[in-house]
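Listed below, chain by chain, are the residues.
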Amino acid sequence: TRKIPLIFVNLPLTEDYLDPARLRAEQLFRQRMQQLSQQKGFAFRDLSQRWPGRNDFFFDPSNLNRFGAIAVSRLLASDTSIIWPRPKSRITDG
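Because the structure is a prediction, the values reported are computed rather than measured. (Residues numbered from 1 in each chain as written. Predicted model: local features only at pLDDT ≥ 70, side-chain atom pairs only at ≥ 80, totals over all residues. Heavy atoms only, no water.)

K.L.:
Would you mind going over the pattern of salt bridges in detail, with residue names and values included?
P.N.:
Under the counting rule described, the total for this entry stands at four salt bridges. Put simply, Asp 46 and Arg 30 hold a salt bridge, and the shortest N to O gap is 3.1 Å. You can see Asp 46 sitting in strand β2 (residues 43-46) and its partner Arg 30 sitting in helix α1 (residues 20-40), a full 16 residues away along the chain. One salt bridge connects Asp 79 with Arg 45, and the closest N-O pair in it is separated by 2.7 Å. One end of the pair, Asp 79, is in the segment after α2 (66-78); the other, Arg 45, is in strand β2, with 34 residues separating them in the sequence. You'll find Asp 79 and Arg 45 in the same group, each marked buried. (Salt bridge = Lys/Arg side-chain N within 4 Å of Asp/Glu carboxyl O. Helix = DSSP H or I, 4+ residues; strand = E, 2+ residues; numbered from the N terminus. Buried < 20%, exposed > 50% of the residue type's maximum accessible area, 1.4 Å probe, protein only.)

K.L.:
Explain the pairing of β2 to me, and be specific about the residues and the numbers.
P.N.:
Taken together, the four bridges between strand β1 (residues 7-10) and β2 define a ladder with parallel strand orientation. For Asn 10, the partnering residue across the bridge sits in β2 and is Asp 46. A crossover links β1 with its parallel partner β2, the connecting element being α1, and its sense is right-handed. (Pairing = 2+ DSSP bridges. Right-handed = clockwise from strand over helix to strand, strands pointing away.)

K.L.:
Explain the nonpolar core to me, using residue names and the numbers behind them.
P.N.:
Counting eight residues, the largest nonpolar core consists of Leu 47, Trp 51, Phe 57, Phe 58, Ala 71, Val 72, Leu 76 and Ile 82. Other than its neighbours up to four places away in sequence, Phe 57 contacts Trp 51, Leu 64, Asn 65, Phe 67, Gly 68 and Ala 71. (Core = buried A, V, L, I, M, F, W, Y, C linked by side-chain atoms within 4.5 Å. Contact = heavy atoms within 4.5 Å.)

K.L.:
Pulling in residues and values, what's your account of the environment of Phe 58?
P.N.:
Mapping Phe 58 onto the fold places it in strand β3 (residues 58-60). Setting aside residues no more than four positions away along its own chain, Phe 58 makes contact with Pro 12, Leu 13, Thr 14, Trp 51, Asn 63, Leu 64 and Asn 65.

K.L.:
How would you explain the environment of Gly 41 if you had to name every residue and give the values?
P.N.:
Inspection of the secondary structure puts Gly 41 in the loop between α1 and β2. Residue class for Gly 41 comes out exposed when judged on its relative accessible area of 66%. Distance in space between the C-alpha atoms of Gly 41 and Phe 57 is 31 Å, their sequence separation being 16 residues.

K.L.:
Which residues make up the environment of Asp 16, and what values go with them?
P.N.:
Position of Asp 16 relative to the elements: it lies in the loop between β1 and α1. Judged by its relative accessible area of 58%, Asp 16 falls in the exposed class. Counting along the chain gives 64 residues from Asp 16 to Thr 80, while the straight-line C-alpha distance between them is 31 Å. When neighbours within four sequence positions are excluded, Asp 16 is seen to be in contact with Asn 55 and Pro 61.

Here it is as structure tokens:
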């Protein structure tokens, strides 16, 4: 009802996590999400293979730590294709 756009973010994973079976499943997932995003009208950002060797961004092979979370938030904030809502301006007394 508020017309808030949906942005689905597939978070980064490490090389250790993406063994052949998981890599194939990840490929199928990305294909399906790209298809659904076009059909349903939501944004899909795939960061799954953004930093495969940056283990310093991960708590374990599939979960970001605070440094990885900060890096992802910076990527998303600088993504010019995402239209971020603007805060309503407030009129203040001088």
